[in-house]
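Overview (structure and organization)
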Number of protein chains: 2
Amino acid sequence: MILTKGKKIQVLQDGHVTSPKGFSAGGVHCGLRKTKLDFGWIHSEVPACAAGVYTLNAFQAAPLKVTKNSLEKDDQLQTIVVNSGNANSFTGTQGYQDALKMQQLAAEKLKVEVDNVAVASTGVIGELLPMENIEAGIQSIGDSNHLSPEKFEQSILTTDTITKHVAVQIEIDGKTITIGGAAKGSGMIHPNMATMLGFITTDAAVEAQSLQKALRSITDCSFNMITVDGDSSTNDMVLVLANGMKENHLLTENHADWMRFVEALKFVSEELAKQIAKDGEGATKLIEVNTTGAPSETAAKQVAKAVISSNLVKTAIYGADPNWGRIICAVGYSEQPINTDKISISLGEIEVVHHGQVVNFNEHEASQYLQADAVIINVHMQDGMYQATAWGCDLTYDYVKINASYRT
Amino acid sequence: MILTKGKKIQVLQDGHVTSPKGFSAGGVHCGLRKTKLDFGWIHSEVPACAAGVYTLNAFQAAPLKVTKNSLEKDDQLQTIVVNSGNANSFTGTQGYQDALKMQQLAAEKLKVEVDNVAVASTGVIGELLPMENIEAGIQSIGDSNHLSPEKFEQSILTTDTITKHVAVQIEIDGKTITIGGAAKGSGMIHPNMATMLGFITTDAAVEAQSLQKALRSITDCSFNMITVDGDSSTNDMVLVLANGMKENHLLTENHADWMRFVEALKFVSEELAKQIAKDGEGATKLIEVNTTGAPSETAAKQVAKAVISSNLVKTAIYGADPNWGRIICAVGYSEQPINTDKISISLGEIEVVHHGQVVNFNEHEASQYLQADAVIINVHMQDGMYQATAWGCDLTYDYVKINASYRT
């Protein structure tokens, strides 16, 4: 079955990073975690044009530095190796050497250029990477028993409860181009923070600078618009690999189908972002906040983020409480210019504030609506033409439980 | 008994807004809440020089607008009337008229200039103020049965669990000057947000512009440095009244004892702020974050705020988990320049990170420390000369419980 989004983007029912031509992926248990898979890889038959975005946290983990340096040399990657269980963050010079070693060993095993290997880690911070286990993981790459995109998706998880993956197809130059993605999200692993990792693959041929520019702009309205608890980690990273195996005319910003490609890449990013938000720690539902009619892009984004990040809104949604006052309050402290007499707010289709006035809405109906798995809050500013969407989840007892437990 | 802070500021054991000469206060039940006191007042025998700071939330409630307008006319106030149970926020033109009426009735009852009356409200938003109840409250002002600073402190609470009050004394021009304060804090009242109200009184004679300047600067490092859940309400306000009844030489920035006065005012503000933070919804402990050695005042404040606002840090402290990784992470995403090789972090006296390296500290001892009622996190940036302190509380099951309950 093929689901359809609009006419141009087709969503594959069971899409993965291996859906695009020429990509393989796998995962194994190498002993960093008790029993769960903890080492994974993605590999392209040929070197791929690549782009990356990295955490803005001042404490950037070693693997991000190594990957960024390598990628910047020639804008190419062929292999990504990832471990969970240990973030190789706050590990000093030794940690940096370990990340380099991990990269080098993977390059030797797969016979690719060292600089074409990206490394990523997620898990405990402040502890050195057990390199014997990493080496064992790398040696497993050749074994076909471990080849499986599902195994890859599992191997990068920490306290995530589900794997995150998607793939779509579009037509470019009369050829069917596939874009696939996998991610890990909001799981917290002691003593640590939620690391977000996103890996996107495509068999399209894309020019490097255009790809980097597109990824940056798309990240700003997808991965950067989700919040579980507002904390951004030392290890967040999103990589895109475009291996060109579908032999389309090189996609640049001047290509007639460029926007279609960007839309598809954006769809994949948003889908992964939503899957991450919905699987937030302790979350029972996905919350989507749409700002429309904002006077600027910044205002649109900041208002959406203020609402989605509000603990009071998050707890109200958990309690299925149509508490428009908390939404208004968050809009009000977003530090953006707010035309208070024009603003309207709705929960799904149920308007609760109209042009700055409280609506006499049906509270029971609104509460019913908030009991769904996915809840939409619309903030119509009616003060401009910009819009933005942010995603998050409710704040629950389980969030406190997961994060207050003493590390054992 | 008189407690002493340094040699210059004496803390009264049972200090209130009525400790300074010439101030009276009281509180009654006027029917806005079921049984609890819900209407209170502070009154000075003579008009007092006054200063105010107000929420930056774009949706500023009616009483704040009325108070601000009146205060700006002549920098004087003589009376403050406050109700809880209803915030008179998001109530449109009628709400504004009601706030004006509340002001006018109080002025008539107490025979003071209308513009010398401040009005404040806290509670449910989006509902009109029941003016009959307010009128009944105002009529009670003359009754000596209701005169009591404790009753005033109770009357302004919402879901706060304790009253907040303090008073200190200092010598100015050989005279004993008293500064008293009361506040309400982090209680949430459905369907609403945490409103912070602070009222400070003194019998010192202070020049208006200097007082306003001092209040602004002190607020930035006291009331503005606390966080319970990061949400700032439509009704937050802090007022200072200086009635001059101790007949000191007018305090201005040029007075030899000016800094002593400012220090005392700051002490009162910080003390109220801490009492508010500690009584955060569901909180079991006060958290204090000290940033030292920051390269700028902004950096010092932002780093302290990032740590105190982190849900991950707040839940870790609740769980008595010495999770330095979450603290480092919050420092890292504070959007301030961080010299990652210089930073040191300690939990009380227990150093957990030293010059950017993890310390092999005693986890059991650290966890023991975190079980105290008040916990201090020190972030030494060693990259400059600025410092800041922020206060907050832990994030608990009860926070979720209080805020996720459906409004009934």
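Because the structure is a prediction, the values reported are computed rather than measured. (Residues numbered from 1 in each chain as written. Chains lettered and ligands numbered in written order. Predicted model: local features only at pLDDT ≥ 70, side-chain atom pairs only at ≥ 80, totals over all residues. Heavy atoms only, no water.)

Points about the pattern of salt bridges
Formally: Salt bridge, as used here, is a side-chain nitrogen of Lys or Arg placed within 4 Å of a carboxyl oxygen of Asp or Glu. Comment: elements are numbered from the N terminus, with helices defined as DSSP H or I runs of at least four residues and strands as E runs of at least two. We call a residue buried when its accessible area falls under 20% of the maximum for its residue type, exposed when it is over 50%, and partly exposed in between, using a 1.4 Å probe and counting protein chains only.
Considering all chains together, one arrives at 18 salt bridges over all chains under this definition. For Lys301(A), the salt bridge goes to Glu297(A), with nearest N and O atoms at 3.1 Å. With Lys301(A) and Glu297(A) both in helix H7 (residues 297-309) and four residues apart, this pair spans about one turn of that helix. The salt bridge involving Glu72(B) is made with Lys68(B); its shortest N-O contact spans 3.7 Å. Remark: Lys68(B) and Glu72(B) occur in helix H1 (residues 62-74); sequence separation between them is four residues, near one turn of the helix. Of the residues examined, Lys68(B) reaches a relative accessible area of 30% and is grouped as partly exposed. When salt bridges that share partners are traced, they join Asp160(A), Lys164(A), Lys184(A) and Asp279(A) into one network.

Re the interface of chain B and chain A
It is common to give the size of an interface as the accessible area that goes away when the parts come together. Put simply, the rule reads: The criterion used for residue contact is that any of the two residues' heavy atoms lie within 4.5 Å. As a working definition, buried area equals the accessible area (1.4 Å probe) given up by two parts on being put together, with both sides summed. Polar contact criterion, stated in full: a pair of N or O atoms within 3.5 Å, where within protein one must be able to donate a hydrogen and the other to accept it, and residues adjacent in sequence count only if both atoms are side-chain atoms.
Contact residues are listed per partner, giving 55 residues for chain B and 55 residues for chain A. At the boundary of chain B with chain A, total buried surface from both sides reaches about 4,700 Å², with 62% on carbon and sulfur atoms. Linking chain B to chain A there are zero salt bridges. Here chain B and chain A share five residue pairs in polar contact (both at pLDDT 80 or more) between them. With seven residues, the single largest contributor to the side of chain B that touches chain A is helix H9 (residues 324-332) of chain B.

As for the relation of the copies chain B and chain A
Each of the two chain copies can be brought onto the other by rotation about an axis and movement along it. Stated precisely, the cut-off is as follows: Copy-to-copy alignment: least squares on C-alpha atoms, limited to residues at pLDDT 70 or above in both.
Under the fitted operation, chain B is carried onto chain A by 0.0 Å of movement along the axis and a turn of 180°, and the coordinates agree to an RMSD of 0.0 Å. Taken together, the rotation angle and the small translation identify this as a two-fold axis. Minimal C-alpha distance to the rotation axis in chain B is attained by Tyr397(B), lying at 2.8 Å. The fraction of interface residues of chain B whose copies in chain A are also interface residues reaches 100%, indicating that both copies meet through the same surface.

Quick notes on the packing of helix H2 (residues 92-110) of chain B against helix H3 (residues 131-139) of chain B
Residues and elements named next belong to chain B. The condition that has to hold: Lines fitted to C-alpha atoms define the axes, with helix axes restricted to the stretch in contact, and inter-axis angles between N-to-C directions lie between 0 and 180 degrees. Throughout this description, any angle smaller than 35 degrees is read as roughly parallel, any larger than 145 degrees as roughly antiparallel, any in the 65 to 115 degree range as roughly perpendicular, and the remainder as oblique. In this scheme, a crossing is called left-handed if the near helix is turned counterclockwise away from the far one by less than a right angle; it is called right-handed if the turn is clockwise. Classes in brief: Ala, Val, Leu, Ile, Met, Phe, Trp, Tyr, Cys and Pro nonpolar; Asp, Glu, Lys and Arg charged; the others, Gly included, polar.
The interhelical angle for the contact between H2 and H3, taken along N-to-C directions, is 20°, at an axis separation of 10 Å. The angle between the axes of H2 and H3 places the two elements in the roughly parallel class. The chirality of how H2 crosses H3 is right-handed. Contacts between H2 and H3 involve Asp98, Lys101, Met102, Leu105, Ala106 and Lys109 on the former and, on the latter, Met131, Ile134, Glu135, Ile138 and Gln139. In terms of residue class, the contact of H2 with H3 is made up of six nonpolar, one polar and four charged.

A word on the environment of Ser269(A)
Residue and element names in this part refer to chain A. Here Ser269 shows up in helix H6 (residues 258-278). Distance from Ser269 to Ala183, taken between C-alpha atoms, is 9.4 Å for residues 86 residues apart in sequence. Once residues within four sequence positions are removed from consideration, Ser269 is found in contact with Ile200, Ile218, Ser222 and Phe223.

As for the side chain of Asn86(A)
All names here are of chain A. With respect to the secondary-structure elements, Asn86 resides in strand E5 (residues 76-86). Within polar-contact distance, the side chain of Asn86 engages the backbone nitrogen of Asn88 at 2.7 Å. Of note is the side chain of Asn86, whose polar atom sits 3.2 Å from the backbone oxygen of Glu127. Aside from chain neighbours lying at most four places away, what touches Asn86 is Ser121, Thr122, Gly123, Val124, Glu127, Leu128, Leu129 and Pro130.

Thoughts on the environment of Leu370(A)
Mapping Leu370(A) onto the fold places it in the loop between helix H10 (363-369) and strand E16 (374-380). Aside from chain neighbours lying at most four places away, what touches Leu370(A) is Lys285(A), Ile317(A), Ala320(A), Asp321(A), Pro322(A), Leu347(A) and Val375(A).

Considerations on the packing of aromatic side chains
Inclusion rule: Stacked, tilted and edge-to-face are the three classes assigned to paired rings of Phe, Tyr and Trp, where Trp is represented by its six-membered ring and a pair needs centres within 6.5 Å; plane angles under 30 degrees give stacked, over 60 edge-to-face, the rest tilted.
One pass over the full model with this rule turns up 13 aromatic pairs over all chains. Following the ring pairs from residue to residue traces out a cluster consisting of Tyr318(A), Tyr397(A), Tyr318(B) and Tyr397(B).

Considerations on empty space enclosed by the protein
All names here are of chain A. We count it as follows: Cavity: a set of points on a 1 Å grid over the protein atoms alone where a 1.4 Å probe fits but cannot get out. Pocket: an open set with protein on both sides within 12 Å along at least five of seven lines, its lining residues, like those of a cavity, having an atom within 4 Å of a point. Grid points are joined across faces, edges and corners, and a volume is the space filled by probe spheres set on the points.
Applying the stated criterion to the full structure yields one cavity of 30 Å³ or more. In this model, the largest cavity occupies a volume close to 40 Å³. For the largest cavity, the full set of lining residues is Val313, Ala316, Ile317, Asp321, Pro322, Asn323, Arg326, Ile327, Leu347 and Leu370. At the level of elements, helix H8 (311-318) and helix H9 (324-332) are the ones that each hand at least two residues to the lining of the largest cavity. Sorting elements by how many residues they give to the lining of the largest cavity places H8 first, with three residues. A breakdown of the residues in the lining of the largest cavity according to their chemical character gives seven nonpolar, one polar and two charged.

Some points on the sheet that holds strand E15 (residues 357-358) of chain B
Backbone hydrogen bonds hold the strands of a sheet together, and the pairing may be parallel or antiparallel. Residues and elements named next belong to chain B. Selection criterion: Paired strands are those between which DSSP finds at least two bridges.
Read from one edge of the open sheet, seven strands run E10-E17-E12-E16-E13-E14-E15, paired in mixed fashion. Across the chains shown, the open sheet's two edge strands, defined by having one partner strand only, are strand E10 (226-227) and E15. Where strand E13 (residues 344-347) lies against strand E16 (residues 374-380), four bridges are found, and the strand directions are antiparallel. In the strand pairing of E16, Ile345 is matched with Val379. On top of the sheet, helix H6 (residues 258-278) reaches E10, strand E12 (286-294) and strand E17 (386-393); it is set at about 40° to E17, its chief contact.

Describing the side chain of Asp98(B)
Residue and element names in this part refer to chain B. Here is the rule we go by: Think of it this way: Lys and Arg go in the positive column, Asp and Glu in the negative one, and His and the chain ends go nowhere.
Here Asp98 lies in helix H2. No salt bridge is formed by the buried Asp98; the nearest opposite charge belongs to Lys101, separated by 8.0 Å. Contacts of Asp98, omitting those with residues within four sequence positions, involve Asn88, Leu128, Leu129 and Met131.

Considerations on the domain arrangement of chain A
All names here are of chain A. How we decide: For the purposes of this description, domain bounds are those given by an automatic or database domain assignment.
Domain assignment breaks chain A into domain 1 (2-277) and domain 2 (286-404). Inter-centroid distance (C-alpha atoms) of domain 1 to domain 2 is 31 Å. Of the roughly 1,200 Å² buried between domain 1 and domain 2 on both sides combined, carbon and sulfur atoms contribute 64%. Among the residues domain 1 hides against domain 2, the three largest losses belong to Met225, Thr227 and Lys274. Together they make up 48% of the total. Linking domain 1 with domain 2 are zero salt bridges. Counting the contacts that link domain 1 with domain 2 gives two residue pairs in polar contact (both at pLDDT 80 or more). Of all the secondary structure elements, the ones that give two or more residues to the side of domain 1 that touches domain 2 are strand E10 (226-227) and H6. In terms of residues, the side of domain 1 that touches domain 2 owes the most to one element, H6, which gives three residues.

Looking at unusual backbone geometry
Residues and elements named next belong to chain A. A positive phi angle, near 45°, is found at Asn88, a position not held by glycine. Here Asn88 lies in the loop between E5 and helix H2 (92-110). The backbone of Ala320 shows a phi angle near 50°, a positive value even though the residue is not glycine. Following the sequence through the fold, Ala320 ends up in the loop between H8 and H9. Judged by relative accessible area, which is 4%, Ala320 ranks as buried.

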